[in-house]
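Chains, contacts and geometry: an overview
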Amino acid sequence: MNNNSFLDYYNIQDLNTAIHEALLSVMPQWLAILLEGLAVGLLIIVLYAVLAIILIYMERKVCARFQCRIGPNRVGGKGGLLQVPADVLKILTKEIISLKGSDRFLYNLAPFLVILASIFTFSCLPWNKGAEILRMNIGIFFVLAASSIGVLGILLAGWSSNSKYTIIGAVRSGAMIISYELSIGLTVLTMVLLSGTMDIQNIVMSQDRMWNIFRGHLPAVAAFIVYLIAGNAEANRGPFDLAEAEQELTAGYHTEYSGMHFGFFYLAEYLNLFITSGIAVTLFLGGWMPLHFPGLDGFNAVMDYIPGVIWFVSKTFLVVFLLMWIRWTFPRLRIDQVLTLEWKYLMPLSLLILLIMTVCVVFGITL
Amino acid sequence: MEVKKKTAIRSMQYDEFKNNDYLEQMVRDLNRDGAGIILGSVDDLINWGRSNSLWSLTFGTSCCAIEFMALGAARYDMARFGFEVTRNSPRQADMIMVLGTITHKMAPVLRRLYDQMAEPKYVVAVGGCTISGGPFRKSYHVVNGIDQIVPVDVYIPGCPPRPEAFYYGMMQLQRKIKVQKFLGGVNRQEKKPKDMDSND
Amino acid sequence: MTVIEKIQKICPEAQVSTSGDTIVTVPSDSLAAVAEALRNDDQEPMDYLRDIVGMDWSEGLGALYYLESSKTYGRVVLKTVARDRDEAWLPSVCHWWRTAEIKEREIYDFFGIRFIGNPDMRRIFLREDWKGYPLRKDYDMDSNPLNMENEENADDTVEYYLKPDGTVEGHRNILFDQKDFVVNIGPQHPSTHGVLRMRTSLDGETISRIDPILGYIHRGIEKMNESLTYPQTLALTDRLDYLSAHQNRHALCMCIEQAMGLEVSRRVQYIRTIMDELQRIDSHLLFYSCLVMDMGGLTPFFYGFREREMILDIFEETTGGRLIQNYNVIGGVQADIHPTFQQKVKEFIKHLRSVIQDYHNIFTGNVIATTRLKGVGILTREQAISLGATGGTGRAAGWANDVRKHHPYALYGEVDFKEVLYTEGDSFARYMVRMDEIMESCHIIEQLIDNIPEGETRLKTKPIIKLPEGNFSASVETSRGEFGVMLESHGDKTPYRLHYRSTGLPLVHAMDTACRGNKIADLIAIGGTMDFVIPDIDR
């Protein structure tokens, strides 16, 4: 743990403690914690919404570039910066349709489940040193568990809408996400093995000498690729967007949703993309940890001047861009190919990676 | 009486649109009882959002649909103006561009799609066939004008219209939305289903 | 022994008429025997049924059968008249040519002729509760007002058979039973390329049956033609298959010119051939765009449209239209080519040759694309011929059916080009046929573009044209198959009957054969590679 001074400089743990103590001096503890909880909750929701707007705008611009277009550039000044806020305003004031023949309760519950799962995982992301919202010693395990709630929402949405397209989309999504969670779990386990901890902050801290993708060299790179493929599938994005499959199932599991209910699915899709990338960054690319190489102390010190949050966000957006690139290039897979890919190739491969990683860690063949 | 709401589309001035009388009449009707400042400005904000985020339902029946695809493609790129997304599910669409002839067999389907859409919803009739039956007016199986089936907001004539004409029509729709009233006015264009006979 | 002699051997009372096309009239009793003999002939098997044209001669209803041999490319037309106008029936020929299954339904829908032995005698274009038969001459045009009730489709169908006492009776065939999970794909669906509706019965994700429901864009063009003068009928051809606008109109102009005995100038022939080929490139680029989009890859869609816009620019300068050009007229073309036409076409071809590799890089070699297309949706050569699936679909199965090659028209007899043939018959072969044809079309245009001779671009014709009595026909290779014009004239200024051979109808009919046992996602990909345009099917 050398030259960590600047990492500590950007640490907001002290600030948190100071605020907490200031509140305690004027009110009882339960009220202070309640107020803090409310503030943090509000912060998450605002951050969530802002990030969604940024991501949607980014996707539109990125895909427009790939497609030799300009993309939004008229609404709200230069570059169409206000295009997505306009969409949000529109969707907020749009009618929410209730269907005859649907299961009302489940139909209304489903979008909230999807967004809930997404917010849970979102709160686990390590933004900076000391700036995590949920911290527990089995953090990464919690992420895996919480993200599984999302598929429940998708299945309920498909089932309760009482439509054939939605049920096909939901069943597809169920089969796919449950399969790919295996690969995600195994690759995450690989990295837990390398870091020796399940606590997300400690996983990041363990990369202060060098990022995991360099430390774990070959098996880590392979695990990174497997994780990206599986994570892409988990986020229901192309070429694994079978659950929506616009050209086949009109809009898949959310065909019958309108207004803000549909907006929730839409937001969750983009945030899941961000979360997938965020977890990938945490596990493989050092989270908020600046780029460090052992021996290059001067270089490491310079890197430390850049705050961790900038490292985290920029690395995450880089991975997001990578996933967008894949989405706008590849055609969609077919359901049997998706399952074949997972069960015949990715799962055995990730087991193998886990094995190799174990051997590497046991014999100390890591960098 | 002076009309207050003169809505311009960015870089296209009010006077550049040729047929404004109808919209001016609409503004006069809406402002007859006066409009509150707060409600009015919230209205403007919402209408700004709505008019700049018109997601259309993909509903191409014939030739005009290909021109609509050209409109979405690189040269004309309608994403620039907020028409980025086309939704295939009527629940999520804001407007239905009727692209091509509507026949007797298709008419109930069109009506049903319109009924399935969430409010507020708009209809744009594109091409001669949808406006009047066009070259197929005398046929035994063609609806002579979709206004017999659904209320139409904007007509875009042509066979098929040029992409520029599409733009003119779609911007005319944007301007129309910008002078509507959301709060204190009518948000629904149709009666609520429970006020009508039970219908899907 | 010629075909006509063969027919006369089987059926001595067959009559031959030679006003216009040579037509052999056989009585309806011996139609089945003649059809079987012609189909199974050794030297010249008439295994491709180009089309069946229903007819209402006021004295009786009947049909014309246009046959072709896939071996010698010889053609023959049979004519038969049903006995009784009110209770009209004819024997079905769907045992020999599967394409008759759907074409006989069309005739039943329009004329009310029942076909004995056809397993599926439902209406095809019109609503099931439609009253009357619109193409009969005595049809009351106001008898079916707009009906806004949702249409209920029956799950079973009628098959007619002949009882020993000579009366016709029907029994029911089940299409979908209670246990089937039937999904409606269409009529409003992003990937059916229009308003096609396919009732698809699924077992999990696997397709067990497809029942195409047509007619959502049936505009009654053939009936309208009967009250339009010949120059007026031209306007509607562009709106059939709007991606083959030039070629469709070319066919009709050729048919009328041939009936009038009009010879167009060499310059017109050159212009028409170049325009046809440009249109083919245009259509195939759109095919590429749409196929890739249907398979979920959105970016290549924009590549296809980028190059397509360049063709549209060329069209626009000369014809004034982008999609629908109304360029060919009887006796020539509407206007001479634009001064920069030749230069722009050459520039475009140069550009296309330089970017076509990008298309292949992003899609053809992609591992997802190849695994989704190869070995999927196979149509064998025999199936393709029997189903009458012409164009790229047939050529992908190894059936050499290019009208340009085997019945040359315009300048196709003089230019050098290769008929692109594949043998696999799967989606990938259908895709590759079209991609290769783009290059062949470029090759054809390059041979012609510098040599356009001087000459008249439009012969003067009278505003009212009267054709001699008789049957005339012409066929061209459009972007997606053989398009035929079948015209019967009674010497008036309007056609007595003007029928178009739809290129897409057999392709839609082939969907059931090609898709069974595949997945829903394959249905979309197969539909994309079949490349049908719905307004051309429904007419």
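Calculation criteria
Residues numbered from 1 in each chain as written. Chains lettered and ligands numbered in written order. Predicted model: local features only at pLDDT ≥ 70, side-chain atom pairs only at ≥ 80, totals over all residues. Pairing = 2+ DSSP bridges. Helix = DSSP H or I, 4+ residues; strand = E, 2+ residues; numbered from the N terminus. Contact = placed C-beta atoms within 7 Å. Nonpolar A, V, L, I, M, F, W, Y, C, P; charged D, E, K, R; others polar. pLDDT = per-residue confidence, 0-100. Expected span 1.5 Å × (residues − 1). Buried ≥ 20, exposed ≤ 12 C-beta atoms within 10 Å, placed from the backbone. Domains from an automatic or database assignment.

Some remarks on the pairing of strand S12 (residues 206-213) of chain C
- Pairing between strand S11 (residues 197-203) of chain C and S12 of chain C: 7 bridges, direction antiparallel. By the bridge assignment, Asp203 of chain C is partnered in S12 of chain C with Thr206 of chain C.

As for the interface of chain A and chain C
- Counting residues at the interface gives 22 residues for chain A, matched by 26 residues for chain C.
- Mapped by element, the contributors of at least two residues to the side of chain A that touches chain C are helix H11 (246-249) and helix H15 (335-363) of chain A.
- Counted by class, the side of chain A that touches chain C contains 8 nonpolar, 6 polar and 8 charged residues.

Here we look at the confidence of the model for chain C
Residue and element names in this part refer to chain C.
- The share of residues in chain C with pLDDT of 70 or more is 100%, and the mean pLDDT across the chain is 86.
- Across chain C, helix H14 (residues 427-449) holds the top mean pLDDT of 90, while helix H1 (residues 3-10) sits lowest at 80.
- Here the prediction assigns the complex a pTM of 0.87, and the interface score ipTM is 0.84.

Details of helix H10 (residues 217-234) of chain A
Residue and element names in this part refer to chain A.
- Taking 1.5 Å of rise per residue, 18 residues should cover 26 Å, and H10 covers 25 Å from first to last C-alpha, within 8% of that figure.
- The complete set of buried residues in H10 reads Pro219, Ala220, Ala223, Phe224, Val226, Tyr227, Ile229, Ala230, Gly231, Asn232, Ala233 and Glu234.
- For H10, the elements touching its buried residues are helix H6 (139-160), helix H7 (164-195), helix H9 (212-215), helix H12 (259-284), helix H14 (308-327) and H15.
- Asn236, located one to two residues past H10, shows a positive phi value of around 60°.

Here's the deal with the domain arrangement of chain C
Residue and element names in this part refer to chain C.
- Each assigned domain of chain C is listed here: domain 1 (3-175) and domain 2 (221-538).
- For domain 1 and domain 2, the distance between their C-alpha centroids amounts to 27 Å.
- In this complex, domain 1 contributes 23 residues to the contact, which on the side of domain 2 involves 25 residues.
- Going through the elements one at a time, strand S3 (48-57), strand S4 (60-68) and helix H3 (100-111) are the ones with two or more residues in the side of domain 1 that touches domain 2.
- Ranked by the residues each element gives to the side of domain 1 that touches domain 2, the list is headed by S3, at 6 residues.
- Per-class residue counts for the side of domain 1 that touches domain 2 are 13 nonpolar, 4 polar and 6 charged.

A word on the environment of Val182 of chain C
Residue and element names in this part refer to chain C.
- Among the structural elements, Val182 can be located in strand S10 (residues 181-185).
- Judged by the 17 C-beta atoms lying within 10 Å of it, Val182 is partly exposed.
- Considered as a pair, Val182 and Lys71 are 111 residues apart in the sequence and their alpha carbons are 40 Å apart.
- With near-sequence residues (within four places) excluded, Val182 lies in contact with Phe176, Arg199, Thr200 and Ser201.

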